[in-house]
Amino acid sequence: TITMVLSRVWICFALCAMSIGTHARPFASANPGFKVVLTNLGMEYAREVEIPVLQKELASLTVPDISGKAHTPIGSIDYGLSGIHATSVDLGSSGVEAQPDGIQITLSGASIGLGAKWKYREHSFPHISDHGSADITASSIGLNLVIAIGLNAQQELSISVPTCSGGVGSLKVKFHGGASWLYNLFSSTIASSVKKSLNSELCKAIVSALETDGNKVLASIPTTVQLDSYADINFAFLQAPVTTTAYLMTDHVGSFVPAADNTSLPPFPAGPIPQPANTTRMFYVFLNEYLVNSAGWAYAKAGALTFLITPADVPSDFPVKLNTASLGALVPGLKKVCANCSMQLNLTAIADPVNMTLSGRGADVVVTFLLQSCKVCCATRWIHARVSRVLACSDFVSPMWQQTLYCPTARCSTLLTSLSGCMELQLLRFSPGTGQST
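In what follows, the accompanying structure is described. (Residues numbered from 1 in each chain as written. Predicted model: local features only at pLDDT ≥ 70, side-chain atom pairs only at ≥ 80, totals over all residues. Heavy atoms only, no water.)

**Considering the overall build of the chain**
Formally: Helix numbering and strand numbering both begin at the N terminus, where a helix is a DSSP run of H or I of at least 4 residues and a strand a DSSP run of E of at least 2. Accessible area is worked out with a 1.4 Å probe on protein chains only. A residue is then buried under 20% of its type maximum, exposed over 50%, and partly exposed in between. Contacts are assigned to residue pairs that have any heavy atoms within 4.5 Å of one another. For the accessible areas, the method is Shrake-Rupley and the probe is 1.4 Å, while residue cover comes only from the protein chains on display.
Across its full length, the chain holds eight helices and 19 strands. When each of the 438 residues of the chain is scored for burial, the buried share is 45%. Restricting the contact set of the chain to residue pairs at least 6 apart, pairs at least 24 apart contribute 68%. Accessible area of the chain: about 21,800 Å², with a carbon and sulfur share of 57%.

**A few points about the nonpolar core**
Short version of the rule: Put simply, buried Ala, Val, Leu, Ile, Met, Phe, Trp, Tyr and Cys residues joined by side-chain atoms within 4.5 Å make one nonpolar core.
Among the nonpolar cores identified, the biggest contains 33 residues, and Trp118, Leu171, Val173, Phe175 and Tyr183 are the most heavily contacted of them. Looking at this core element by element, the count peaks at seven residues for strand E6 (residues 102–122). Formed by 20 residues, the second largest nonpolar core is a distinct cluster that contains Met43, Ile103, Ile149 and Ile206.

**Brief notes about the sheet that holds strand E13 (residues 255–258)**
Pairing between sheet strands relies on hydrogen bonds along the backbone, with the strands arranged either parallel or antiparallel. The following threshold applies: Pairing between two strands is assigned when DSSP locates at least 2 bridges connecting them. Between N-to-C directions, angles cover 0 to 180 degrees, with each direction set by a line fitted to C-alpha atoms, over the stretch in contact for helices.
Pairing in this open sheet of three strands is antiparallel, and the strands run E9-E10-E13 from one edge to the other. The open sheet terminates on both sides in strands that have one partner only, identified here as strand E9 (224–226) and E13. Going across the sheet, the axis of each strand differs from the next one's by a mean of 30°, ignoring polarity. Sheet topology places strand E10 (residues 231–234) next to E13; four bridges connect them, and they run antiparallel. Note on E13: the bridge partner recorded for Asp232 is Val257. Sheet strands touched by helix H5 (residues 289–301): E10 and E13. Its angle to E13, the strand with the most contacts, is close to 5°.

**Re the state of the cysteines**
Put simply, the test is: Counting rule for disulfides: a pair of cysteine sulfur atoms within 2.5 Å.
Throughout the structure, instances matching the rule amount to one disulfide. Across the disulfide, Cys164 is cross-linked to Cys203 (sulfur-sulfur distance 2.2 Å). When the S-S torsion is -85°, as for the bridge of Cys164 with Cys203, the disulfide is left-handed. With Cys164 in strand E8 (residues 157–176) and Cys203 in helix H4 (residues 187–219), this pair connects stretches of sequence that are 39 residues apart.

**Quick word on helix H2 (residues 40–59)**
Stated precisely, the cut-off is as follows: In this analysis, the expected span of each helix is defined as 1.5 Å times one less than the number of residues it contains. Fitting one axis to the seven residues ending at a residue and another to the seven starting there, the bend at that residue is the angle between the two axes.
For H2, built from 20 residues, the straight-helix expectation of 28 Å at 1.5 Å per residue is met to within 8% by its first-to-last C-alpha distance of 28 Å. If you look at H2, its biggest bend is around 30°, right at Glu50, and the proline Pro52 turns up within four residues after that. Within H2, burial applies to Asn40, Gly42, Met43, Arg47, Ile51, Leu54 and Leu58.

**Section: the pattern of salt bridges**
Put simply, the test is: We define a salt bridge as a side-chain nitrogen of Lys or Arg found within 4 Å of a carboxyl oxygen belonging to Asp or Glu.
A complete count under the given rule lists five salt bridges for this structure. Across the pair Asp261 and Lys301 runs a salt bridge whose closest N-O atoms are separated by 3.7 Å. With Asp261 in the loop between E13 and strand E14 (283–287) and Lys301 in helix H5, this residue pair connects regions lying 40 residues apart in the sequence. For Asp261, a relative accessible area of 31% puts it in the partly exposed group. Residue Lys301 is classed as partly exposed on the basis of its relative accessible area, which comes to 48%.

**Things to note about the sheet that holds strand E11 (residues 242–243)**
Pairing is antiparallel across the open sheet formed by four strands, whose spatial order is E11-E12-E1-E14. The open sheet terminates on both sides in strands that have one partner only, identified here as E11 and E14. Note: strand E1 (residues 34–39) against E14, five bridges, orientation antiparallel. For Val36, the partnering residue across the bridge sits in E14 and is Val285. Packed on one face of the sheet, H2 meets E1 and strand E12 (247–252) and runs near 65° to E1.

In structure tokens, the structure reads:
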């Protein structure tokens, strides 16, 4: 009974210490998209939060029936305990911290009280039997174990327990009902037998519970989480978690992936992420450009980054209007098609549309779209246009346009559109009724 209770305590501690984990899966890139560091301060905070919750849960614990054999002054007996329930729980002092060989969890001065119904039957003739209730108190409970974290053959996160020691310091049993006045005379003999059996099985039960039930819980955690109908995020492990004397560190794929094909990964690698320089905080998350850049790739591959821009989409106070008169100052060839006609633009993101660059001054983000086609409304007819020539800043005849569109270099870029070697423009006019172009 005590073994089951303590096994449950240890599972909660272990999973709490590894609450940032999930599966692992092979990946072409050696670098993670993001790195997570849970320091000893963070583990200690998690322990402080979890202990009251765990103690409250254990206070209402019920335990399956148990039975056994014991030698007593009246002879050898078979005994049974049923209706076992917790009456008091004190988890004493506990601790959790990272070590080079895993996560160390300690417990000392813990105690638990249990109530139960008892019965017994003597082995030999005349087979005396009796029944009643009993109070069981286990105290001075101390345990020390180390949980190692690795990957199994299926590349899933797994735990093992290479070190476990400790046991119950004192166990008392008090009988009520029946001839309890007699049984209490030798209750210490029964308690000693139960304590000896308990201490011999305690670590075995805890290790079995952690390595069986704990690994089942870890195996049920998914490697991807759906964000919306277009994209998921893959946070699988790249390698087994690393533990030091100061923290638990995990490297994650950290990639957005298309929801319809969430096993595919971006065609570009992740850059390196440095090791943590200090551990003065509870929790650290390190990101690099790969996570953001993969978002553009995933949404583009899912077809979410195709837009049709019409004049109604342009704010009324925006200085540039979506017509040939306004854009003609930017691209003079437009006026040759129509002096003052409305336009529509069809923009589609390139395969890797987001390019984020981090530096000591911050982050620069460029999102690149292709102008697939545009339509010019001339005399109530839409004239289709395709693209074939690269635009440079020299194509923008007015310094005002260059400033508005932010052209700091020979190639122009904005937050939403990059014209660096990808946006081409040559209007092809389709003659009405003939389908021919000029």
